[in-house]
Amino acid sequence: MAESSLLKSSIAKKVAMALSGLFLVSFLALHFFINLTSVFSKETFNACSHFMGYNPLIQFVMQPVLVAGVIFHFVMGIVLERKNRSARPVAYVKYDGAANASWASRNMIISGLVVLAFLGLHMYDFWAQEIAYKYCLGNPIDETRYYGELVHKFENPIRTSLYCIAFVLLSMHLWHGFNSSFQSVGLNNKFTKGFQKCAYAFAIIVPLGFIFIALFHHFFNN
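From a predicted model like this one, the values you see are computed outputs, not experimental measurements.

(A) Up close: the overall build of the protein chain. In terms of helices and strands, the protein chain carries nine helices and zero strands. Along the protein chain, from the amino end to the carboxyl end, the secondary structure elements read α-α-α-α-α-α-α-α-α. Counting all 222 residues of the protein chain, 36% fall into the buried class. In the protein chain, the share of contacts with a sequence separation of at least 24, taken over all contacts with a separation of at least 6, comes to 82%.

(B) View of the pattern of salt bridges. Under the definition given, this model contains one salt bridge. Here E149 and R145 are joined by a salt bridge, their closest N and O atoms 3.0 Å apart. In this pair, E149 and R145 are both assigned in helix α7 (residues 145–153), four residues apart and thus about one turn of the helix distant. Its relative accessible area of 32% is what places E149 among the partly exposed residues.

(C) Representation of the confidence of the model for the protein chain in the model. In this model, the protein chain carries an average pLDDT of 78, and 75% of its residues clear a pLDDT of 70 or more. Confidence, read as mean pLDDT per element, is least for helix α4 (residues 97–100) in the protein chain (51) and greatest for helix α2 (residues 42–54) (91). Within the model, the stretch residues 91–95 combines pLDDT values under 50 with two contacts to residues more than four positions away or in other chains.

(D) Structural detail: the packing of aromatic side chains. Here the structure, examined in full by the defined rule, presents eight aromatic pairs. Connected via pairs of aromatic rings, a cluster forms that spans F32, F33, F154, Y163, F167 and F210.

(E) Broad picture of the side chain of H73. Assignment of secondary structure puts H73 in helix α3 (residues 56–87). Residue classification places H73 among the buried residues on the basis of a relative accessible area of 11%. Discounting chain neighbours no more than four positions away, the residues touching H73 are M17, S20, G21, L24 and H173.

(F) Structural view of a nonpolar patch on the surface. Taken together, the side chains of F23, L57, F60, V61, V65 and Y135 define a hydrophobic patch exposed on the protein surface, amounting to about 580 Å² of accessible area. The greatest single-element share of the nonpolar patch, amounting to four residues, is contributed by α3. Along the chain, the position of V61 falls in helix α3.

(G) Seen up close, the side chain of N46. Along the chain, N46 falls in helix α2. The class for N46 is buried, based on a relative accessible area of 6%. Ignoring sequence-local partners within four residues, the contact set of N46 consists of E143, T144, R145, Y146 and Y147.

(H) Representation of the environment of V115 in the model. Tracing the sequence through the fold places V115 in helix α6 (residues 108–136). Spatially, the C-alpha atom of V115 lies 9.7 Å from that of I165, the residues being 50 residues apart in sequence.

(I) Quick peek at the packing of α2 against α7. Contact pair α2 / α7: the axes reach a minimum separation of 7 Å and the direction vectors enclose 100°. In terms of their interaxial angle, α2 and α7 are classed as roughly perpendicular. Within the contact between the two elements, α2 uses K42, F45, N46, S49, H50 and Y54 and α7 uses R145, Y146, Y147 and L150. In terms of residue class, the contact of α2 with α7 is built from five nonpolar, three polar and two charged.

(J) Inspection of α2 at higher detail. With 13 residues, α2 should reach 18 Å at 1.5 Å per residue; the first-to-last C-alpha distance of 18 Å fits that figure. Those residues of α2 that fall on the buried side of the exposure criterion are F45, N46, S49, H50 and G53. For α2, the buried positions fall inside an angular range of 130° around the axis, keeping them on one side.

The rules behind each value
Residues numbered from 1 in each chain as written. Predicted model: local features only at pLDDT ≥ 70, side-chain atom pairs only at ≥ 80, totals over all residues. Heavy atoms only, no water. Helix = DSSP H or I, 4+ residues; strand = E, 2+ residues; numbered from the N terminus. Buried < 20%, exposed > 50% of the residue type's maximum accessible area, 1.4 Å probe, protein only. Contact = heavy atoms within 4.5 Å. Salt bridge = Lys/Arg side-chain N within 4 Å of Asp/Glu carboxyl O. pLDDT = per-residue confidence, 0-100. Phe/Tyr/Trp six-rings, centres within 6.5 Å; stacked < 30°, edge-to-face > 60°. Patch = residues over 30% accessible without salt bridge, like charges linked within 9 Å, V, L, I, M, F, W, Y side chains within 5 Å. Areas by Shrake-Rupley, 256 points an atom, 1.4 Å probe, with all protein chains shown as cover. Axes fitted to C-alpha atoms, helices over the stretch in contact; angles between N-to-C directions. Parallel < 35°, antiparallel > 145°, perpendicular 65-115°, else oblique. Nonpolar A, V, L, I, M, F, W, Y, C, P; charged D, E, K, R; others polar. Expected span 1.5 Å × (residues − 1). Arc of directions from axis to C-beta.

In structure tokens:
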């Protein structure tokens, strides 16, 4: 009975982890499409950014939910990783991680923590300074400032390089995360292969898209 309860608890945590990850992916996709407009149209990017920055629903509802989702996802990831390590027998047949699993699957905590650190820097660069601009410094509303601020962030080659590395790790994190999520939620029907192909494409295309945006502004707008 106790083992059954522990199993159900473990499955519930994995499902919660999977759903929180899929929830965060939706925000990542939105963020990507808005940033991508900066490559094609300064005016469109400014308009989208201004809307996101001054819409009360986004500012006071969606952003706190996003922050809570990020914290929950990474805390749950650490909890599950520790649980998996403690459940693995010590005196076991020697486990060759490199032979049995990919680097991404064996180092989800590492890639996750790097991505978390990147999110912290990103929040400092954009969210914290946006709050300071609007509420602390008393600046007038300027609907055209966002493009220039974005380009300025990619002037420094070191910062741009770290940004790109973070998205390479995010791609690896997403690749394994999608695979685990599909298993956790028990998705197994005639549409499963199609979902998986789309998910794996997302794990490659979106991070590479962010890298392209950073390099584009670094080399062509600075």
